[in-house]
Amino acid sequence: MHEHKELPSGKQIMKRFDHDGRVASESHTYGMLDIGITIEFHEGVKTGEMYFVNKRLVSRKRYDKARADYSDMPPPDSGLEDFGGELVKDAQAERRQRAKAAKEHVPDADAVTKIDLFCQTMLTAGKQDDATTWIESRTHTLGEYSHVKSRNIVNQLMRVGAIRVHACNIDSYDDDQENTGHLVVEIPDESKTRKSVFREIARLASLQGFDGDLDNGQRYAYVKLD
């Protein structure tokens, strides 16, 4: 059983109840998760909290700071373990490790051959198109993203310096709907611009739970979005 209400302030409160009618979870949010807290219960006893700011999981400290602008948001419970904060720390440590690995990375000629061959295969297998023109259609999307978000992904890759972005292995549906989770990015030669492109590719990969390709001197890079 669920219960939902919206307060005059705009805050949304959602509650989920267990089979005995006790609250199992409770969330308080503003906007599109501009700020939020989810509280978990077990047999009526609070067991955990998760905090969100600007659609991102954050630490208890970050949530409490943001809460200053929202007077009716619940205060965090300092008596509970900050699971979200630990996850954020782990993610930050992992990003630092990846950045260090990228900085110390020694180019691998064999990897170049494999990556470029794979990407060239993607460019010839199934339907493909120049992503910058293909994504202009409102019926074309990437992975599970909306059209607006999909277009932003392609535009950002071009903005940081990609020579070209190819939408590959495109699936077609009724009403001119098309979708793909596969992009092939042509990488520029200039060192600084290459770093910017690979940094953006790594960011996109991390959102999908993957590691982005390292720069081995390849011509292409593959981006998987589903």
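Provided above is the structure to which this section pertains.
Numbers given to residues run from 1 along each chain, matching the order in which its sequence is written. For a predicted model such as this one, the threshold for reporting local features is a pLDDT of at least 70, and the threshold for listing and counting side-chain atom pairs is 80 or more; totals across whole chains, interfaces and linings nevertheless cover every residue. Values shown for side chains rest on all heavy atoms present in the structure; no hydrogens or waters enter the calculation.

Q: What should I look at first to understand the sheet that holds strand S2 (residues 12-17) in this one?
A: Backbone hydrogen bonds are what pair the strands of a sheet, in a parallel or an antiparallel way. Should DSSP find at least two bridges between two strands, the strands are taken to pair. Strands are runs of DSSP state E lasting at least two residues, helices are runs of H or I lasting at least four, and both sets are numbered from the N terminus onward. On the basis of which strands lie adjacent, the open sheet formed by 6 strands has the order S1-S2-S3-S4-S5-S6 and antiparallel pairing. The sheet is open, and its two borders are formed by strand S1 (2-6) and strand S6 (56-58), each paired with just one other strand. Each neighbouring strand pair of the sheet contributes to a mean axis angle of 20 degrees, computed without reference to strand direction. To get an axis, fit a line to the C-alpha atoms, keeping to the stretch in contact for a helix; angles then go from 0 to 180 degrees between the N-to-C directions.

Q: Please explain the environment of Val 45 as it appears in this structure.
A: Tracing the sequence through the fold places Val 45 in strand S5 (residues 45-53). C-alpha separation for the pair Val 45 and Glu 81, spaced 36 residues apart in sequence, amounts to 14 Å.

Q: Help me out: how do you make sense of the packing of aromatic side chains in this one?
A: One pair of aromatic rings is described through two measures. These are the centre distance and the angle between the planes. Side-chain rings of Phe, Tyr and Trp (the six-membered ring for Trp) are treated as a pair once their centres are within 6.5 Å; stacked means planes under 30 degrees apart, edge-to-face means over 60, and tilted covers the remaining angles. The tally for this structure, following the rule as stated, stands at 3 aromatic pairs. When the centroid spacing of 4.9 Å and the interplanar angle of 40 degrees are considered together, the rings of Tyr 30 and Tyr 70 count as tilted. Note that Tyr 30 is positioned in strand S3 (residues 23-30) and Tyr 70 in the loop between helix H1 (60-66) and helix H2 (83-104), a separation of 40 residues in sequence. Residue Tyr 30 is classed as buried on the basis of its relative accessible area of 11%. Look at Tyr 51 and Tyr 63: their rings are 5.0 Å apart centre to centre, the planes differ by 25 degrees, and that puts the pair in the stacked class. Of the two residues, Tyr 51 is situated in strand S5 and Tyr 63 in helix H1; the sequence distance between them amounts to 12 residues. Each member of the pair, Tyr 51 as well as Tyr 63, carries the same accessibility label: buried. Each residue gets one of three labels from its accessible area relative to the maximum for its type: buried under 20%, exposed over 50%, partly exposed in between, using a 1.4 Å probe on protein chains only.

Q: What's the story with the pattern of salt bridges in this structure? I'm lost.
A: Counted as salt bridges are all cases of a side-chain nitrogen of Lys or Arg within 4 Å of a carboxyl oxygen of Asp or Glu. Under the counting rule described, the total for this entry stands at 13 salt bridges. As a salt-bridge pair, Arg 22 and Asp 20 come within 3.0 Å of each other at their nearest N and O atoms. Accessibility expressed as a relative area gives 59% for Asp 20, which makes it exposed. Between Asp 130 and Arg 164 there is a salt bridge, with its nearest N and O atoms 4.0 Å apart. Of this pair, Asp 130 sits in strand S7 (residues 129-130) while Arg 164 sits in strand S9 (residues 164-168), placing them 34 residues apart in sequence. Classification of Asp 130 as partly exposed rests on a relative accessible area of 24%. The partly exposed category is assigned to Arg 164, whose relative accessible area is 34%. Each of Asp 130, Arg 164, Glu 186 and Arg 219 takes part in salt bridges that share partners, so that together they form one network.

Q: Would you mind showing me how to read the sheet that holds strand S11 (residues 178-180) here?
A: If you walk across this open sheet you meet the 3 strands as S8-S11-S10, and the pairing is mixed. Strands with a single pairing partner mark the edges of an open sheet, and in this sheet they are strand S8 (140-142) and strand S10 (171-172). Pairing analysis gives 2 bridges linking S10 to S11, with the strands arranged antiparallel. Along S11, the bridge assignment pairs Asp 171 with Asn 179.

Q: Could you clarify how one ought to interpret the pairing of S5 in this entry?
A: Here is the key point about a regular strand: its side chains alternate between the two faces of the sheet. Of the pairings in the sheet, the one linking strand S4 (residues 35-42) to S5 comprises 8 bridges and is antiparallel in character. Considered in S5, the bridge of Glu 40 is made with Gly 48. Between S4 and S5, which pair antiparallel and follow one another directly, the connecting turn spans 2 residues, one of which, Glu 43, has a positive phi of 55 degrees. Relative to S6, S5 is paired through 3 bridges, and the arrangement is antiparallel. Bridge pairing in S6 places Val 53 opposite Arg 56. Two successive antiparallel strands, S5 and S6, enclose a turn made up of 2 residues, where Asn 54 displays a positive phi of approximately 50 degrees.

Q: Any chance you could explain the side chain of Glu 178 here in plain terms?
A: Note that Glu 178 resides in strand S11. Among the polar contacts listed, one links the side chain of Glu 178 to the side chain of Lys 127, at a separation of 2.4 Å. Working rule for contacts: check all heavy atoms of both residues, and any pair within 4.5 Å makes them a contact. Contacts of Glu 178, omitting those with residues within four sequence positions, involve Lys 127, Trp 134, Thr 139, His 140, Thr 141, Ile 170, Asp 171 and Ser 172. A 3.5 Å cut-off defines polar contacts: any pair of N or O atoms within that distance qualifies, except that in protein one atom must be a possible hydrogen donor and the other a possible acceptor, and neighbouring residues in sequence count only when both atoms are side-chain atoms.

Q: Hey, could you run me through helix H5 (residues 147-159) in this one?
A: In an α-helix there are 3.6 residues to a turn, and that puts residues three or four apart on one side. Expected helix span is computed as 1.5 Å times (number of residues minus one). The terminal C-alpha atoms of H5, which comprises 13 residues, lie 18 Å apart, in line with the 18 Å expected from a rise of 1.5 Å per residue. All of the buried residues in H5 are His 147, Ser 150, Ile 153, Val 154 and Leu 157. Along the axis of H5, the buried residues cluster in a sector spanning 125 degrees; they form a single face. Its buried side turned inward, H5 meets helix H4 (131-134), S8, S9, strand S12 (182-186) and helix H6 (191-207). Of the residues flanking the end of H5, it is Gly 161, one or two places downstream, whose phi is positive at about 125 degrees. Along the arc lie the directions from the helix axis toward the C-beta atoms.

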